[in-house]
Amino acid sequence: MNKLDRNLTMLCDFYELTMANGYLKNGMKDKIVYFDVFYRSNPDHGGYAIVAGLEQIVEYINDLRFDDSDIAYLRAKGCFDETFLEVLRNFRFTGDIWAVPEGTMVFPGEPLITVRAPVMEAQFIETYILMMINHQSLIATKASRIKRAAKGRTVSEFGSRRAQGADAAILGARAAYIGGCDSTACAVADQVYGVPAGGTMAHSWVQMFDSEYEAFRVYCEVYPHSATLLIDTYNVLESGLPNAIKAFKEVLLPKGITNCAVRIDSGDITYLTKKIRQRLDEAGLTECRIVASNSLDEYIIRELIRQGACIDGFGVGERLITAKSDPVFGGVYKLCAVETPDGEIMPKIKISENVGKITTPHFKKIYRLRGKETGKAEADLICVYDETVDDTQPIELFDPDHTWKRKILEDYTAEELLVPVFRNGEQVYKLPTIQEIRKHCEEEIEGMWDEVRRFTNPHNYYVDLSEKLWRIKHDMIAEHRKKAK
């Protein structure tokens with residue numbers, strides 16, 4: 001059962017329904033087509049993205065159906081005939097889907113998902129697939145950047161109250177954990193997806209008591225083994241920190257507990273944390289951690305650390321959960337091939353005056369090429385579906401836009417990125433746990449050169465086309481131009 005326990009089949013663009021009706025009326029409903037999901041540029045002008053959202057797509061496909069209320073709604077629109085409505089009543093997905101596993105580092109132009117299905121089915125699922133991939137890949141990528149900026153310090157996702165709706169909060173927390181965050185403030189994300197949830201207090205807790213010290217003392221008594229005190233309700237250095245130190249010494253230390261923390265959510269974080277660290281150490285609380293929050297992102301975190309801020313953990317909210325600096329992932333769903341009745345796959349291409357919008361045709365596969373000695377990814381190669389890469393032999397790669405730029409790669413391994421998820425409408429892919437996805441993401445990031453992972457002016461990772469695919473694409477472009485004359 002879908003974890004969100006809703007029928008989301010009608011979460012589609014209306015044109016997907018009108019086109020499906022048109023395909024049926026023109027005898028095309030069973031025509032087999034291929035669609036690719038890909039994106040055109042990395043968020044925040046970065047060097048990579050982290051793909052996420054596949055689990056929810058699998059649940060959606062497994063639960064795909066039109067119920068009586070959906071049929072009644074469509075009948076009332078007055079633009080669909082009864083034959084079409086009867087087809088929808090018995091609708092199920094019967095096609096094939098390949099996808100890049102969640103947590104994998106990906107790059108512009110690569111097919112993240114390929115759908116092979118009758119055209120009506122392939123068209124219906126476009127909106128939901130894009131919504132899941134676009135949202136969760138965006139948040140996972142942002143979380144990855146923030147976690148790397150933190151340089152080993154803990155990062156908690158704090159953004160639920162600033163998310164654009166309930167699903168954005170819950171699935172955003174899931175994606176943030178995949179991307180590297182250590183925990184979330186969103187309780188339901190823990191309940192449903194196993195993202196570790198935690199939290200301490202708000203300023204209102206401190207305000208509810210007659211004194212700041214009483215608020216801290218009571219909290220330490222209630223939660224002695226996880227006491228994190230928010231010390232900036234009134235004045236960090238003059239009252240908040242002294243009262244926290246007093247509460248720790250009077251409640252926790254007599255019990256032998258030294259695991260505690262203070263948090264600040266305002267002020268000059270670098271200056272304050274340096275002073276806090278000094279005074280905690282002077283008080284003998286050398287194990288007390290300092291946590292900072294307040295509209296943080298990777299750039300601010302990196303600068304705080306550069307300035308010598310004494311911070312053990314970060315709480316990151318709105319700029320993570322909304323990917324505020326670049327809030328659109330830009331994934332698209334484009335037809336790349338059709339299949340003839342005798343099984344021949346015919347490539348399709350979209351031509352545009354905007355060069356960046358010209359698609360790469362055909363049913364494709366992706367290989368990731370890694371150096372055997374370094375274990376680092378050197379390039380990705382997009383091929384036609386029937387090509388294979390023999391990694392026992394040298395391979396010549398070339399820039400698909402500047403073909404004179406060529407490189408011979410030797411002593412490498414070739415790994416296919418797209419894995420089968422559905423065959424003939426049946427799920428064949430075992431969904432990994434979120435912990436397995438997160439670990440895979442960590443390994444992916446470690447497997448990339450530092451130059452690709454730079455925040456500013458990253459190295460352009462090579463995503464090349466095979467010679468065969470490059471020729472197919474450019475022959476089709478030339479043919480279209482010839483017809484246009």
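Criteria and cut-off values
- Residues numbered from 1 in each chain as written.
- Predicted model: local features only at pLDDT ≥ 70, side-chain atom pairs only at ≥ 80, totals over all residues.
- Heavy atoms only, no water.
- Phe/Tyr/Trp six-rings, centres within 6.5 Å; stacked < 30°, edge-to-face > 60°.
- Helix = DSSP H or I, 4+ residues; strand = E, 2+ residues; numbered from the N terminus.
- Buried < 20%, exposed > 50% of the residue type's maximum accessible area, 1.4 Å probe, protein only.
- Pairing = 2+ DSSP bridges.
- Core = buried A, V, L, I, M, F, W, Y, C linked by side-chain atoms within 4.5 Å.
- Contact = heavy atoms within 4.5 Å.
- Axes fitted to C-alpha atoms, helices over the stretch in contact; angles between N-to-C directions.
- Polar contact = N/O pair within 3.5 Å; in protein donor to acceptor, adjacent residues only side chain to side chain.
- Salt bridge = Lys/Arg side-chain N within 4 Å of Asp/Glu carboxyl O.
- Arc of directions from axis to C-beta.
- Disulfide = S-S within 2.5 Å.
- Left-handed = near helix turned anticlockwise from the far one by under 90°.
- Nonpolar A, V, L, I, M, F, W, Y, C, P; charged D, E, K, R; others polar.

1. Considerations on the packing of aromatic side chains
Point 1. For the structure shown, the criterion picks out 18 aromatic pairs.
Point 2. Aromatic side chains Tyr34 and Phe363 sit 4.8 Å apart centroid to centroid with 35° between the ring planes, which places their arrangement in the tilted category. Of this pair, Tyr34 sits in strand E1 (residues 32–38) while Phe363 is found in the loop between strand E13 (345–347) and strand E14 (364–371), placing the two residues 329 residues apart along the sequence. For the pair Tyr34 and Phe363, one class covers both residues: buried.

2. Topic: the pairing of strand E5 (residues 113–118)
Point 1. Taken across its six residues, E5 has six buried, putting it largely inside the fold.
Point 2. Direction of pairing for E1 relative to E5: antiparallel, over a ladder of six bridges. Bridge pairing in E5 links Ile32 to Pro118.
Point 3. Taken together, the four bridges between strand E3 (residues 96–99) and E5 define a ladder with antiparallel strand orientation. By the bridge assignment, Ile97 is partnered in E5 with Val115.

3. Considering the nonpolar core
Point 1. Formed by 152 residues in total, the largest nonpolar core has its most connected members in Val115, Ile125, Ile231, Phe248 and Ile276.
Point 2. A total of 11 residues in this core trace back to one element, the largest contributor, which is helix H6 (residues 126–149).
Point 3. Other than its neighbours up to four places away in sequence, Ile125 contacts Tyr60, Ile61, Leu64, Phe93, Ile97, Val115 and Tyr333.
Point 4. Within the second largest apolar cluster, 10 residues are counted, among which are Ala379, Cys383, Val389 and Leu397.

4. Structural notes on the sheet that holds strand E21 (residues 462–465)
Point 1. Strand order across the open sheet formed by four strands is E18-E14-E15-E21, with mixed pairing between neighbours. Strand pairing shows two members of the sheet lacking a second neighbour, strand E18 (412–416) and E21, which therefore form its edges. The average angle at which neighbouring strand axes cross in this sheet is 25°, direction not considered.
Point 2. The pairing of strand E15 (residues 377–384) with E21 spans four bridges and is parallel.

5. Looking at the side chain of Arg453
Point 1. Along the chain, Arg453 turns up in helix H16 (residues 450–453).
Point 2. Its relative accessible area of 12% is what places Arg453 among the buried residues.
Point 3. A polar atom in the side chain of Arg453 sits 2.8 Å from the backbone oxygen of Ile445.
Point 4. In contact with Arg453, other than residues within four places in its own chain, are Tyr48, Arg148, Ile445, Glu446 and Met448.

6. Some thoughts on the side chain of Asp44
Point 1. With respect to the helices, strands and loops of the structure, Asp44 is situated in the loop between E1 and strand E2 (49–50).
Point 2. The buried category is assigned to Asp44, whose relative accessible area is 10%.

7. A word on helix H2 (residues 54–62)
Point 1. Within H2, eight of the nine residues are buried, which leaves the element mostly enclosed by the surrounding structure.
Point 2. Among all positions in H2, only Leu54, Glu55, Gln56, Ile57, Val58, Glu59, Tyr60 and Ile61 are buried.

8. Quick word on the pattern of salt bridges
Point 1. Counted under the stated rule, the structure contains 37 salt bridges.
Point 2. Linking Glu86 and Arg89 is a salt bridge whose minimum nitrogen-to-oxygen distance equals 3.3 Å. A residue pair is termed a helical-turn pair when its members lie 3 or 4 positions apart in one helix, as Glu86 and Arg89 do in helix H4 (residues 82–89) at three residues.
Point 3. Relative accessible area serves as the criterion here: at 31%, Arg89 is assigned to the partly exposed category.
Point 4. As a salt-bridge pair, Asp312 and Arg277 come within 3.9 Å of each other at their nearest N and O atoms. Taken together, the residues Asp312 in the loop between helix H13 (298–306) and strand E11 (313–316) and Arg277 in helix H12 (residues 269–282) connect sequence positions 35 residues apart.
Point 5. Taking relative accessible area as the criterion, Asp312 reaches 30% and is therefore assigned partly exposed.
Point 6. Overall, Arg277 belongs to the buried group, its relative accessible area being 15%.
Point 7. Put simply, Asp44, Lys142, Arg145 and Glu298 are held in one network by salt bridges that share partners.

9. A few points about H4
Helical periodicity: at 3.6 residues per turn, an α-helix aligns residues three or four positions apart in one direction.
Point 1. Those residues of H4 lying buried are Phe84, Leu85 and Leu88. The buried side chains of H4 occupy one side of the element, clustering within an arc of 100° when seen end-on.
Point 2. Along its buried surface, H4 packs onto helix H1 (14–25), helix H3 (68–77) and helix H5 (119–124).

10. So, the state of the cysteines
Point 1. Taken as a whole and judged by the stated rule, the model has zero disulfides.
Point 2. Summary of cysteine pairing: Cys79 is not part of a disulfide, and the nearest cysteine sulfur, belonging to Cys12, is at 12 Å.
Point 3. Its sulfur unpaired, Cys288 is 3.7 Å from the next cysteine sulfur, which belongs to Cys260.
Point 4. Using a relative accessible area of 2% as the deciding quantity, one classes Cys288 as buried.

11. So, the packing of helix H10 (residues 212–222) against helix H11 (residues 236–252)
Point 1. The N-to-C vectors of H10 and H11 enclose an angle of 35°; their axes lie 9 Å apart at closest approach. Read as a crossing pair, H10 and H11 show a hand that is right-handed. Contact with H10, carried on its side by Glu212, Tyr213, Phe216, Arg217, Cys220 and Glu221, involves Ser239, Gly240, Asn243, Ala244, Lys246, Ala247, Phe248, Glu250, Val251 and Leu252 of H11 and no other residues of that element.
Point 2. Grouping the amino acids of the contact of H10 with H11 by side-chain chemistry returns eight nonpolar, three polar and five charged.

12. So, the environment of Glu373
Point 1. Examined against the element boundaries, Glu373 turns out to sit in the loop between E14 and E15.
Point 2. Taking C-alpha positions, Glu373 is 20 Å from His440, a pair spaced 67 residues apart along the chain.

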